[in-house]
Amino acid sequence: MSELPVVAAVDGSEDSLRALDWAIEAARLREAVLRIVHVRQYAAWTQPEVLAAGPEQVGDPVLDRLRADLEARGGKLPVLEFVTVEGAPDAVLPEMGADAQLLVLGSRGRGGFASLLLGSNGMAAARDASCPVVVVPRPGRAVPEDVTTEVPDGPRVVVGLPVDLKDDSTLAFAFTEAERRGAAVHIVVAYPWPALAWTAVGDYTPTVEDQEAAEAECLTLAKDHLDPHRAAHPGVEALVSVAAGDAAGHLVAASNGAELVVVGRHRRRLLQPARILGSVTQAVLLHAAAPVAVVPLTAQDEAESGEGVAA
């Protein structure tokens, strides 16, 4: 059994229950303990019906209901732990990632506005947790139909690959997850197009031959990134899609019917040392039809990129 648990954040909302179901399967595949965490946002004395956490705690109504539901469900479940903590969820949940191999939560909880696509807790966890974070969306998200990304048949894990940056941690997560699930890895490589090229006398639009050369270069660079992971996971089929245009749009399109979409957390820059979510990662979190895993870069990837800063 894996030593570090999978952590699922719950608050009794339908979003968190969907995330819990996903986390149960993730823990089972990893042979890991599933730690089910409820963060109570207010001090106990402001809610007379809720008793304080601690040695004299009688129970947490949210976790008590979940425990009863899971016991009644039957079937094979991972080893379960139930934990109640007090505090602000957007601060507490990222901290829990320090002792977890995976943190799973729904796209929204009970708080906030009904129209929000992603709650502040999910955004904070994806940005700040030191372990990979999976955000499970609400069902029925529509993906754009005007994006021409080819979607392979069969179960697949989608991963975005920026070929100009080293990101082995994200690729390793995607290949390992695909192997656990008996799925293929669908690697999406996007490059900006159309583009303007500048000359001494002005600018011109590159030709079709220029675009074909750009695609060929992307495939070559992608192969260099992927070869070590293909060798480490010989049983996993790796399918590469190279597409012109916005990376986020292609990843969202590819999310339709996928088991999981994997993206890397934005690396920290010398003049921007705080953790942030890049525009592609944010867009995928907001619009993907499948669960999204946000993977933090390892210190080695940060250093080898030549652009990271010390943590």
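Here, the structure is the one placed above.
Because the structure is a prediction, the values reported are computed rather than measured. (Residues numbered from 1 in each chain as written. Predicted model: local features only at pLDDT ≥ 70, side-chain atom pairs only at ≥ 80, totals over all residues. Heavy atoms only, no water.)

Asks: Explain the overall build of the chain to me, please; I cannot follow it from the model alone.
Replies: The secondary structure content of the chain amounts to nine helices and twelve strands. Here the chain holds 311 residues, and the buried ones make up 45% of them. Counting contacts in the chain only where the partners sit at least 6 residues apart, residues at least 24 apart contribute 80% of the total. If you sum the accessible surface of the chain, you get close to 15300 Å²; carbon and sulfur atoms cover 54% of it. (Helix = DSSP H or I, 4+ residues; strand = E, 2+ residues; numbered from the N terminus. Buried < 20%, exposed > 50% of the residue type's maximum accessible area, 1.4 Å probe, protein only. Contact = heavy atoms within 4.5 Å. Areas by Shrake-Rupley, 256 points an atom, 1.4 Å probe, with all protein chains shown as cover.)

Asks: Quick question: what am I supposed to make of helix H2 (residues 61–73) here?
Replies: One turn of the α-helix equals 3.6 residues, which is why residues spaced by three or four share an orientation. With 13 residues, H2 should cover 18 Å at 1.5 Å per step; its first-to-last C-alpha distance of 18 Å lies within 8% of that length. Burial in H2 covers these residues: Val62, Leu63, Leu66 and Leu70. Buried residues of H2 fall within an arc of 85° about the axis and therefore sit on the same side. Among the exposed residues of H2, those pointing more than 90 degrees away from its buried face are Glu71 and Ala72. Tucked inside the fold, the buried residues of H2 contact helix H1 (14–30), strand S2 (32–40) and strand S3 (80–86). By the N-cap criterion, in which a side-chain oxygen at the helix start approaches the backbone nitrogen of a residue two or three places on, H2 is capped by Asp60, the distance to Val62 being 2.9 Å. After H2 finishes, the residue Gly74 shows a positive phi value of roughly 75°. (Expected span 1.5 Å × (residues − 1). Arc of directions from axis to C-beta. Polar contact = N/O pair within 3.5 Å; in protein donor to acceptor, adjacent residues only side chain to side chain.)

Asks: What exactly am I supposed to notice about the nonpolar core here?
Replies: Within soluble globular proteins, side chains that are nonpolar generally end up buried alongside one another. One finds Leu34, Val104 and Val262 to be the most contacted residues of the largest nonpolar core, which totals 44 residues. Broken down by element, this core gets its largest block of residues, seven residues, from H1. Sequence-distant contacts of Val262, defined by excluding residues within four places in its chain, comprise Val157, Val158, Val159, Gly160, Thr170, Phe173, Ala174, Ala293 and Val295. Counting 32 residues, the second largest nonpolar core, distinct from the first, contains Val37, Met96, Leu251 and Val284. (Core = buried A, V, L, I, M, F, W, Y, C linked by side-chain atoms within 4.5 Å.)

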